[in-house]
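Geometric and topological summary
Residues per chain are reported as follows:
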Amino acid sequence: MDEYSRFVDWDKMDVSAQSQDTKELTCTDFHELKQLARQGYWAKNHSLRAKVYHKLISNIPCRTVTPDANVYRDIVVKIIGKRNSSSLPLPELVDNSVIPTYCLNAEGVGAIRKIILCIANQFPDISFCPALPSVIALLLHYSKDEAECFEQVCRILACNDPSRHLIDQTFLAFESSCMTFGDLVNKYCQAAHKLMVAVSEDVLEVYSDWQRWLFGELPMAYIARVFDVFLVEGYKVLYRVALALLKFFHKVRAGQPMESDSIQQDIRAFVRDIAKSVSPERLLEKAFAIRLFSRKEIQLLQMANEKALQQKGITVKQKSYCFSMFCGVFLRQNVHLAVHAENFKSEIVSVKEMRDIWSWIPERFALCQPLLLFTTLEHGCSLSRFYSHSEGHEPTLLLIKTTAKEVCGAYLSTDWSERRRGGNKLSFFGTGECFVFRLQPEVERYEWVIIKHPELASTGSETENHAQPASSTLSSSSIPSDRLSPFLAARHFNLPSKTASMFMAGSSECIIVGGGDGQALYLDADLNHGRTSHCNTFNNQPLCSESFQISILEVWGFRD
């Protein structure tokens, strides 16, 4: 059909969806280009899409020496020789990855393996890149020959813009992206996350499939639309689309029995057959309707997860723990293993309830075991002892059982020693990962939002509220090495008023936890009484009684 058709099997393509209009793309403005990509301006014209891809990829800033088409022509014969391309063994960097064909003809399918082997030869620093076969297969559709496809893929891999993350190329980067995706699901797809926890013993095992959904199971027409936007907007688009896929899966399958014994297999099958329920346009519409974290916040979260993995010594693939198309170790321990029944004892929550809480916490801390730090039954009802046993631990988990048998609590992201920054004043600190929850009479997690309390803000730390916003450029040196968080502190939010956010606060007289959805928890110094505030603007139930008497209070830490 055009000069870019060499590797396409048009009998497998929906030719009726292709337009023969001779359109051109002349705009260079990023915002206009972003809108055109999202609208699918070049999606129905094969030749135009090829030209746009070439233009976008040629503009990617790359290393000084990046292999090009001529390099491919020089090395392909030496590397491949006269071997049949279909029998070529794949290098470890894509070991066990799905090799999608995307309506390619036999020559195109064979070219995928040849290009992978040549890339492995030219990029010895790439140790793990499971998305690579899919990217090559897709770009072969829009390349005149193998050498041109090789050059385009190399430019994507050799991108040297630190703010532009394109494709994971190490096991550490891949696993941290899986943990980051799990964190995003926990925040933005809570109904789907609840289902995953209920039907899967290992939640991260399910979420570690997220790139496979995109670069393996998603049909050609869908991944091409995703790639249109990805080349313009970057890696964040992939998170958006994967979240949208999970939302649609939950919506379509809600209340229905599982089709197989594995939720992983069910999601894969749903994504493969997504055309039965969702169009490419609807999928992207859903993806961009999600009010996702900023690129900076996601980058911080990714860095935090990488740091947690490095501290655990998990930086390379362990073959003995392969669990899916993308090999890896079981990072988030099975929730039934993360909270050992024989080692766990709480007077407030059962093992099952603690496992439910564990499914809500950030992925990097779900690698840890719960450790009891303080309990009123043993240490008495003293706020000073509460502080002395809790300080030095970050994060912590607060559990409360009232005399009315209500059970609630809070996940607290920051060390309580931070309260001293305000001197004798009530000082607010913590990060946006804090949340409060209720377990009895009903289970409910209240996601964090900005809470404003003018009557309390005047006692807070003025320096916190007036601190300068973070710089728009991000580097690892600007982040405290001992506390990586996607929401480092209130100063990073550039909040608009003195009555800014409150996460946690402590003094000798009380502690306050601002949870989310209008919920806040106040505990008196004697740790016998507490109260809650509940904003009626939110359509939810109160955390617990407005005023309550504490029966038992426990503080839990996280042990490696």
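Here, the structure is the one placed above.
Procedures and definitions
Residue positions are given per chain, counted from 1 along the sequence in the order it is written. In keeping with the model being predicted, local features are shown solely for residues with a pLDDT of at least 70 and side-chain atom pairs are shown and tallied solely at 80 or more, while totals for entire chains, interfaces and linings include all residues. Just so you know, side-chain values use all the structure's heavy atoms and leave hydrogens and water out. A run of H or I in DSSP becomes a helix once it reaches four residues, and a run of E becomes a strand once it reaches two; helices and strands are each numbered from the N terminus. Exposed residues in this analysis have more than 50% of their type's maximum accessible area, buried residues have under 20%, and partly exposed residues fall in between, with area computed by a 1.4 Å probe over protein chains only. Here, residues are in contact when the closest pair of their heavy atoms is within 4.5 Å. The method behind every accessible area is Shrake-Rupley, applied with a 1.4 Å probe, and residues are considered shielded solely by the protein chains displayed. All axes are obtained by fitting lines to C-alpha atoms, using only the stretch in contact for helices, and the reported angles, taken between N-to-C directions, cover 0 to 180 degrees. If an angle is under 35 degrees, it is roughly parallel; if it is over 145, roughly antiparallel; if it lies from 65 to 115, roughly perpendicular; otherwise it is oblique. The crossing is said to be left-handed when, going from far helix to near helix, the turn is anticlockwise and less than a right angle, and right-handed when the turn is clockwise. Classification used: nonpolar for Ala, Val, Leu, Ile, Met, Phe, Trp, Tyr, Cys and Pro, charged for Asp, Glu, Lys and Arg, polar for all others including Gly. Within this document, salt bridges are pairs made up of a side-chain nitrogen of Lys or Arg and a carboxyl oxygen of Asp or Glu, the two lying within 4 Å of each other. It is the directions from the helix axis to the C-beta atoms that the arc portrays. Polar contacts, as used here, are pairs of N or O atoms within 3.5 Å; protein pairs need one atom able to donate a hydrogen and one able to accept it. Residues neighboring in sequence count only if both atoms are side-chain atoms. Among the buried residues, those of types Ala, Val, Leu, Ile, Met, Phe, Trp, Tyr and Cys that are joined through side-chain atoms within 4.5 Å form a nonpolar core. Residue ranges assigned to the domains are those given by an automatic or database domain assignment.

Bringing the overall build of the chain into the picture now. Counting its regular elements, the chain contains 21 helices and 11 strands. Counting only residues that meet the buried cut, the chain has 59% of its 560 residues in that class. Long-range pairs, those at least 24 residues apart, make up 75% of the contacts in the chain with a sequence separation of at least 6. For the chain, the exposed surface amounts to about 23600 Å²; the carbon and sulfur share of it is 48%.

For the pair helix H4 (residues 106-122) and helix H6 (residues 146-157), the least separation of the axes is 10 Å and the interaxial angle reads 45°. It follows from the interaxial angle that H4 and H6 lie oblique. Handedness of the crossing formed by H4 with H6: right-handed. Together, Ala 111, Lys 114, Ile 115, Cys 118, Ile 119 and Gln 122 of H4 and Glu 146, Cys 149, Phe 150, Val 153, Cys 154 and Leu 157 of H6 make up the contact between the two elements. Of the residues belonging to the contact of H4 with H6, the class tally is nine nonpolar, one polar and two charged.

Bringing the pattern of salt bridges into the picture now. Under the definition given, this model contains 20 salt bridges. Linking Glu 233 and Arg 38 is a salt bridge whose minimum nitrogen-to-oxygen distance equals 2.8 Å. Placement of the pair is Glu 233 in helix H11 (residues 220-233) and Arg 38 in helix H1 (residues 30-39), with a sequence separation of 195 residues. Its relative accessible area of 25% is what places Arg 38 among the partly exposed residues. Close ionic contact of Lys 345 with Glu 347 constitutes a salt bridge, the shortest N to O distance being 3.4 Å.

This paragraph deals with H1. Among the residues of H1, Leu 33, Lys 34, Leu 36 and Ala 37 are the ones counted as buried. Along the axis of H1, the buried residues cluster in a sector spanning 165°; they form a single face. In H1, the exposed positions that point more than 90 degrees away from the buried face belong to His 31 and Gln 39. Buried residues in H1 make contact with helix H2 (46-58) and H11. Of the residues that open H1, the one with a side-chain oxygen 3.2 Å from the backbone nitrogen of His 31 is Asp 29. Positive backbone phi, at 80°, marks Gly 40, one or two positions downstream of H1.

Running from N to C, helix H12 (residues 236-253) and helix H13 (residues 263-272) point in directions that differ by 100°, and their axes come no closer than 10 Å. Compared by their axis directions, H12 and H13 come out roughly perpendicular. Between H12 and H13, the residues in contact are Leu 245, Leu 246, Phe 248, Phe 249, Val 252 and Arg 253 and Ile 263, Asp 266, Ile 267, Phe 270 and Val 271, respectively. Of the residues that constitute the contact of H12 with H13, the class distribution is nine nonpolar, no polar and two charged.

With that settled, the discussion passes to the environment of Ile 552. Along the chain, Ile 552 turns up in strand E11 (residues 547-559). It is 9.1 Å that separates the C-alpha atoms of Ile 552 and Leu 527, two residues lying 25 residues apart in sequence. Contacts of Ile 552, omitting those with residues within four sequence positions, involve Glu 347, Ile 348, Thr 375, Thr 376, Leu 377, Leu 399, Ile 400 and Lys 401.

Okay, the nonpolar core next. If you look at the biggest cluster of nonpolar residues, it comprises 120 residues, and the most contacted ones within it are Trp 42, Ile 119, Ile 136, Ile 156, Trp 210 and Leu 214. Considering every element that reaches this core, the biggest residue donor is H12, with 11 residues. Of the residues that make up this core, three or more belong to each of domain 1 (10-158) and domain 2 (171-312). If you look at the next biggest cluster of nonpolar residues, it comprises 27 residues, including Val 513, Leu 523, Phe 548 and Ile 550.

By themselves, these are just geometric observations and shouldn't be taken as functional.
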